[in-house]
Amino acid sequence: MTFKGTMVDKRRFFRNNIIDVGFVFFLLILFSIGILTPLFNFIRLQYETSTNSHFRVVNVAKFNNAANTDLQYSNVSNTVLVLVAIAVIAVFIILTLLFWHEKALRKRVEKKLMNYQENLNKFFQERTDEFKRSERQWVSILSSLADAVIATNETGHIIFMNTIAEKTTGWSKSDAFHRPFLQIFKLLSEEHRQPLDDMFTRIFKGENVTDLPVHILLVKKNGDEIPIVCHGSQLKSENGSSIGVVFVFYDNTKHRQNELALRNQAMLLNFAHDAIFVFDTDNKITFWNRGAEETYGWTSAEAVGRVIYDLLNTRYPTSQQNIKTELENTG
């Protein structure tokens, strides 16, 4: 970033020099008119006085009064001319000193302005470089996340997408950049098939959006619909005002498929006639099939969550800790 308005470019420097030279010539002309003309008149009067002096000497008695008057007039004129010449010289010297002082002052001011500009440009360049480094770091961090990230500005236009968001939505960064949010991020309620178009507005206003449907579908660029898990929050400036919205989401397709597979497997286990139950590391029952209900008499609702040893009142030939240690060592 540079500030050309404070720079003294070559054109302005050349123009200033032309003005300075013209001013000097103007002063020289004034000096010539003010000094040479009175001096010339003074010399001329002296010459005329010396030429006509013998006429005044011969007729001293006759023209005594007239001669005295001429001499007095000549002396006064000479004095005035000398004073005028001195005044003009003084004015010329003062103007010259003022001119060079103003020129030196202007150069000092221009030098200070140039130094100030250089320091200001350096400061802004450092801040710009620092901001760019910080921006690259945050972009790198957001781009490396396993979840998809989309950010918008205050008008709801896309300003950032990471690679996962590109793959999930089907939109590239170049195509999505500065497009409206709802054009890129189309959400539907899986149950009612209703569009969730008010998400951006509500989150941008700072509302705590807790009434979203459990199952949300994302409509991709090619029209395909995929289940996602989504969370949105405000982007705030330093003074706390909202400047945009960021959405973090991920494709929930595989998780939904795994859940369906587990439910199918649980259904198969539930139809088995043998007693099958599962408990976690805290020995609490997490699955209890129909065979276990028929064998032990406890229903699934009564058994799930209970400690297996307390429920069945199991007795072991050795301590439970020894059995657990042996299972961990031998599998």
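Residues numbered from 1 in each chain as written. Predicted model: local features only at pLDDT ≥ 70, side-chain atom pairs only at ≥ 80, totals over all residues. Heavy atoms only, no water.

### What about the overall build of the protein chain?
Okay, so step 1: Across its full length, the protein chain holds 12 helices and 8 strands.
Okay, so step 2: Counting all 331 residues of the protein chain, 21% fall into the buried class.
Okay, so step 3: Long-range pairs, those at least 24 residues apart, make up 45% of the contacts in the protein chain between residues at least 6 apart in sequence.
Okay, so step 4: Of the roughly 23600 Å² that the protein chain leaves accessible, carbon and sulfur atoms contribute 60%. (Helix = DSSP H or I, 4+ residues; strand = E, 2+ residues; numbered from the N terminus. Buried < 20%, exposed > 50% of the residue type's maximum accessible area, 1.4 Å probe, protein only. Contact = heavy atoms within 4.5 Å. Areas by Shrake-Rupley, 256 points an atom, 1.4 Å probe, with all protein chains shown as cover.)

### Some points on the packing of aromatic side chains
Okay, so step 1: Going through the model one piece at a time under the given rule, you end up with 10 aromatic pairs.
Okay, so step 2: Judged by centre distance (5.5 Å) and plane angle (40°), the ring pair of F185 and F247 falls under tilted. Of this pair, F185 sits in the loop between α6 (181-184) and β3 (186-189) while F247 sits in strand β6 (residues 242-251); the two residues are 62 residues apart in sequence, bridging distant segments of the chain.
Okay, so step 3: Judged by relative accessible area, F247 falls into the buried class, the value being 0%.
Okay, so step 4: Ring centres 5.7 Å apart and planes at 45° place the aromatic pair W288 and Y296 in the tilted group. (Phe/Tyr/Trp six-rings, centres within 6.5 Å; stacked < 30°, edge-to-face > 60°.)

### Examining the pattern of salt bridges
Okay, so step 1: Enumeration over the complete set of coordinates arrives at 4 salt bridges.
Okay, so step 2: Of the charged contacts, one joins D175 and K221 as a salt bridge, the two residues approaching to 3.6 Å between their closest N and O atoms. Of this pair, D175 sits in helix α5 (residues 173-176) while K221 sits in the loop between β4 (216-219) and β5 (225-236), placing them 46 residues apart in sequence.
Okay, so step 3: Across the salt bridge formed by R256 and E190, the nearest N and O atoms sit 2.9 Å from each other. (Salt bridge = Lys/Arg side-chain N within 4 Å of Asp/Glu carboxyl O.)

### Concerning the sheet that holds β4
Okay, so step 1: Within the open sheet, the 6 strands sit side by side as β2-β1-β6-β5-β4-β3. Their pairing is antiparallel. Of all strands in the sheet, those with a lone pairing partner are β2 (158-161) and β3, marking the two edges. When the angles between neighbouring strand axes are averaged without regard to direction, this sheet yields 40°.
Okay, so step 2: Sheet topology places strand β1 (residues 148-152) next to β2; 3 bridges connect them, and they run antiparallel. In the sheet register, I150 faces β2, and the bridge partner there is M161. (Pairing = 2+ DSSP bridges. Axes fitted to C-alpha atoms, helices over the stretch in contact; angles between N-to-C directions.)

### Focus on the environment of F277
Okay, so step 1: The topology assignment puts F277 in strand β7 (residues 277-279).
Okay, so step 2: The class of F277 is partly exposed, set by a relative accessible area of 24%.
Okay, so step 3: For F277 and E293, which are 16 residues apart along the polypeptide, the C-alpha to C-alpha distance reads 9.7 Å.

### Things to note about a nonpolar patch on the surface
Okay, so step 1: A surface patch of nonpolar side chains, about 340 Å² in accessible area, is lined by V91, I94, L95 and L98.
Okay, so step 2: By the element assignment, V91 lies in helix α3 (residues 64-143).
Okay, so step 3: Accessibility expressed as a relative area gives 46% for V91, which makes it partly exposed. (Patch = residues over 30% accessible without salt bridge, like charges linked within 9 Å, V, L, I, M, F, W, Y side chains within 5 Å.)

### Points about the side chain of N252
Okay, so step 1: Mapped onto the elements of the fold, N252 is located in the loop between β6 and α8 (253-270).
Okay, so step 2: Aside from chain neighbours lying at most four places away, what touches N252 is P227, I228 and V229.

### Description of the confidence of the model for the protein chain
Okay, so step 1: Here the protein chain averages 75 in pLDDT, while 68% of its residues score no lower than 70.
Okay, so step 2: In the model, residues 1-10 has pLDDT below 50 throughout and makes 14 contacts with residues more than four positions away in sequence or in other chains.
Okay, so step 3: Per-residue pLDDT stays below 50 along residues 53-73; that stretch engages in 4 contacts with residues further than four places along the chain or on separate chains. (pLDDT = per-residue confidence, 0-100.)

### What about the nonpolar core?
Okay, so step 1: One finds M161, F185, L187, I228, F247 and F249 to be the most contacted residues of the largest nonpolar core, which totals 24 residues.
Okay, so step 2: At the level of elements, β1, β2, α6, α7 (199-204), β4, β5 and β6 are the ones that each hand at least two residues to this core.
Okay, so step 3: Contact partners of I228, with chain neighbours within four places excluded, come to F185, L187, I216, L218, F249, Y250, D251 and N252.
Okay, so step 4: Counting 7 residues, the second-largest nonpolar core is a separate cluster that includes W288, A303, I308 and L311. (Core = buried A, V, L, I, M, F, W, Y, C linked by side-chain atoms within 4.5 Å.)

### Re the pairing of strand β8 (residues 285-288)
Okay, so step 1: Sheet topology places β7 next to β8; 3 bridges connect them, and they run antiparallel. Each bridged residue has a counterpart across the sheet, and for F279 the counterpart in β8 is I285.
Okay, so step 2: Hairpin connection of β7 to β8: 5 residues between the antiparallel strands, including N283 at a positive phi of 65°.

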